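# Descriptive structure summary
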Amino acid sequence: MGKLNVTVLRYLTKEDFRILTAIEMGMKNHELVPGALVAAIASLKTGGVHKLLRELCKHKLLSYERGKTYDGYRLTNMGYDYLALKSLTLRGSVAAFGNQIGVGKESNIYTVSDDDGTPLCLKLHRLGRICFRNVREKRDYHGKRRNMSWLYLSRISATREFAYMKALYDRGFPVPKPIDFNRHCVIMELVNGYPMTNVSEIENVEQLYDDLMNLIVRLGNCGVIHGDFNEFNIMITDEGKPILIDFPQMVSTSHPNAKMYFDRDVTGVRDLFRKKYGFDSEEYPTFDDLEREDNLDVEVLCSGYGFTQEMEDDILKEYGMNDDNDDQSDTEEVEEGKQESPEIEIEEYRKELEKEIKFSEEKPRTLQLTKSLGESSTSN
Ligand code: ADP
Ligand code: MG
């Protein structure tokens, strides 16, 4: 897993793409999507679809499985990767693929380049893949049950990362320039440097310490906490300047546990400097020092990338950062038996498919995140 055989991308036709997208849509409510449903959602003839489905299985973009009550298809990791990469390629955000440069806890990182040959960084988010079998039921946006699957989680994680990176970059924070995203993939500037873990010699240790603490405070004053501010997520450029990466777990300073997350980030830096560079400073910021200057946390939620409060809750739950006041959705589950008619369901899937295809072909509008929420009537 994780290896990209990009030659397959070239052979993916428009129809293949439609079928994969149809399965992606179907998987919102079905663990396995029956062939007939795929054909219906994709609005393609059943006969032809079966042949294409077989081919896609052969290339391991899909798998065909026998369920308890019915058989059907599901997207593999690779299938999902190709959907996203094909989109990014069609839009011209990615033209060529390079090497894998990192495997994080929850991601695979590659170098890619755009049409002009500019090297970029591709991050594939991989959440919840370990326990795919252990899918939890979750309500759809339409109030139906849905799987909180790796598809859903990886996608929100990437969307969230892109939204934060964009908001931070626009404010001049030292983060990679966000270029584009699709599904669980984010394309960003390739940082010219190394993660701090791999940097043993720092020219001016005290300066770097100050830079990092100032960065934590600046983030806090904008209303956010990185949440995983450690030597793996801080890159040092060739000029010795820190660049912050890895944003899916960022939280608001209004989060009930904000102080704890803030202190954890600060303590992490202090410990690191003490252990690694023998640098011990009595000066460090506290949560109470923060002064709100900006509402980056709130703006990210209304930045128009299709991000909802429910998704926010779901992803924080996944990161173990939810505030533990158990939501009542479990008790609402009673209604769930009320199934909509198959025609209405298919109609809905078709609509989502068209929306998804559109999203695949167009770059998400780069929305201006306005300074004050009062004037955030961005047209979109
Ligand atoms: P994870 O969420 O899995 O920890 P990260 O975003 O921290 O993923 O990335 C993992 C590693 O990939 C980093 O430690 C770094 O070495 C490399 N990396 C990530 N983003 C970039 C980038 N924009 N430029 C260069 N290298 C990067
Ligand atoms: Mg990381």
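Details of the structure are given in the entry above.
Please read all numbers here as calculations on a predicted model, not as lab measurements.

A tally of regular secondary structure across the protein gives 11 helices and 14 strands. Looking at the protein residue by residue over its 380 residues, the buried ones come to 53%. Long-range pairs, those at least 24 residues apart, make up 70% of the contacts in the protein with a sequence separation of at least 6.

Attention shifts here to the coordination of the magnesium ion (ligand 2). The coordination sphere of the magnesium ion (ligand 2) contains the protein donors Asn233 (OD1) and Asp246 (OD), at a distance range of 2.1 Å. Of this pair, Asn233 sits in the loop between β11 (224-225) and β12 (234-237) while Asp246 sits in the loop between β13 (242-244) and β14 (251-252), placing them 13 residues apart in sequence. With relative accessibility at 5%, the residue Asn233 sits in the buried group.

The next point concerns the state of the cysteines. Counted under the stated rule, the structure contains zero disulfides. Here Cys121 stays free of any disulfide, with the sulfur of Cys185 as its closest cysteine sulfur at 11 Å. On the basis of relative accessibility, which here comes to 8%, the residue Cys121 falls in the buried class.

The phi torsion at Lys60 lies on the positive side, around 65°, for a residue other than glycine. Among the secondary structure elements, Lys60 is positioned in the loop between α4 (46-58) and β1 (62-66). Overall, the relative accessible area of 55% leaves Lys60 in the exposed class. A positive phi angle is found at Arg183, which is not glycine, with a value near 50°. Relative to the helices and strands, Arg183 is located in the loop between β8 (178-182) and β9 (185-189). Classification of Arg183 as buried rests on a relative accessible area of 0%.

A full pass over the atoms with the stated rule returns 24 salt bridges. For the salt bridge of Asp180 with Arg91, the shortest nitrogen-to-oxygen distance reads 2.8 Å. On the criterion of sequence distance, the pair formed by Asp180 in strand β8 and Arg91 in the loop between α5 (77-90) and β3 (96-103) is long-range, its members being 89 residues apart. One salt bridge in this structure joins Asp170 and Lys166, with 2.7 Å as the shortest N-O distance. You can see Asp170 and its partner Lys166 sitting in helix α6 (residues 150-170), four residues apart, about one turn around the helix. Residue classification places Asp170 among the partly exposed positions, given a relative accessible area of 44%. Residue class for Lys166 comes out buried when judged on its relative accessible area of 11%. In the salt-bridge network here, residues are joined through shared partners; they are Glu24, Arg155, Arg183 and Glu356.

Now for the packing of aromatic side chains. Under the criterion given, the structure shown has 11 aromatic pairs. Aromatic ring contacts, followed pair by pair, group Phe162, Phe181, Tyr305 and Phe359 into a single cluster. It is Arg218 that lies over the ring of Phe173; its NZ or CZ is 4.1 Å from the centre. One cation-aromatic arrangement involves Arg270 over Tyr284; the distance from NZ or CZ to the ring centre is 3.7 Å.

Turning our eyes to something else, we now look at the site of ligand 1. Close contacts around ligand 1 come from 19 residues, with Ser107, Lys123, Val191, Asn233 and Asp246 the closest. At 2.9 Å, a backbone N or O of Glu189 approaches a nitrogen atom of ligand 1. At 3.1 Å, a backbone N or O of Phe232 approaches an oxygen atom of ligand 1. Protein burial of ligand 1: of its 550 Å² of free accessible surface, 88% is covered by the chains. Secondary-structure elements contributing two or more residues to the shell around ligand 1 are β4 (107-113), β5 (119-125) and β9. Counted by class, the shell around ligand 1 contains 11 nonpolar, three polar and five charged residues.

By the criterion of burial, β8 is predominantly enclosed, with four of the five residues buried. Note: β8 against β9, four bridges, orientation antiparallel. Bridge pairing links Asp180 to Ile187 in β9. Turn length for the β8-β9 hairpin, with the two strands adjacent in sequence and antiparallel, is two residues, and the turn residue Arg183 shows positive phi of about 50°.

This part is about the side chain of His255. Relative to the helices and strands, His255 is located in the loop between β14 and α8 (258-277). In terms of polar contacts, His255 uses its side chain to reach the backbone carbonyl oxygen of Met321, at 2.6 Å.

To continue, consider the sheet that holds β3. Strand-to-strand pairing in sheets goes through backbone hydrogen bonds, with the strands running parallel or antiparallel. One open sheet accounts for five strands, arranged β3-β4-β5-β9-β8; its pairing is antiparallel. Of all strands in the sheet, those bounded by a partner on one side alone are β3 and β8. Here the strands of the sheet are splayed against their neighbours by 25° on average, with no regard to which way each runs. Relative to β5, β4 runs antiparallel, the two being bridged by seven bridges. Pairing of Asn108 across the sheet is with Leu124, part of β5. The strands touched by α6 within the sheet are β5, β8 and β9, with β8 carrying the most contacts at an inclination of about 160°.

So, how was this worked out
Residues numbered from 1 in each chain as written. Chains lettered and ligands numbered in written order. Predicted model: local features only at pLDDT ≥ 70, side-chain atom pairs only at ≥ 80, totals over all residues. Heavy atoms only, no water. Helix = DSSP H or I, 4+ residues; strand = E, 2+ residues; numbered from the N terminus. Buried < 20%, exposed > 50% of the residue type's maximum accessible area, 1.4 Å probe, protein only. Contact = heavy atoms within 4.5 Å. Donors = N, O, S within 2.8 Å, 3.2 Å for Na, K, Ca; no water. Disulfide = S-S within 2.5 Å. Salt bridge = Lys/Arg side-chain N within 4 Å of Asp/Glu carboxyl O. Phe/Tyr/Trp six-rings, centres within 6.5 Å; stacked < 30°, edge-to-face > 60°. Lys NZ or Arg CZ within 6 Å of the ring centre and 35° of its normal. Near = heavy atom within 4 Å. Polar contact = N/O pair within 3.5 Å; in protein donor to acceptor, adjacent residues only side chain to side chain. Areas by Shrake-Rupley, 256 points an atom, 1.4 Å probe, with all protein chains shown as cover. Nonpolar A, V, L, I, M, F, W, Y, C, P; charged D, E, K, R; others polar. Pairing = 2+ DSSP bridges. Axes fitted to C-alpha atoms, helices over the stretch in contact; angles between N-to-C directions.

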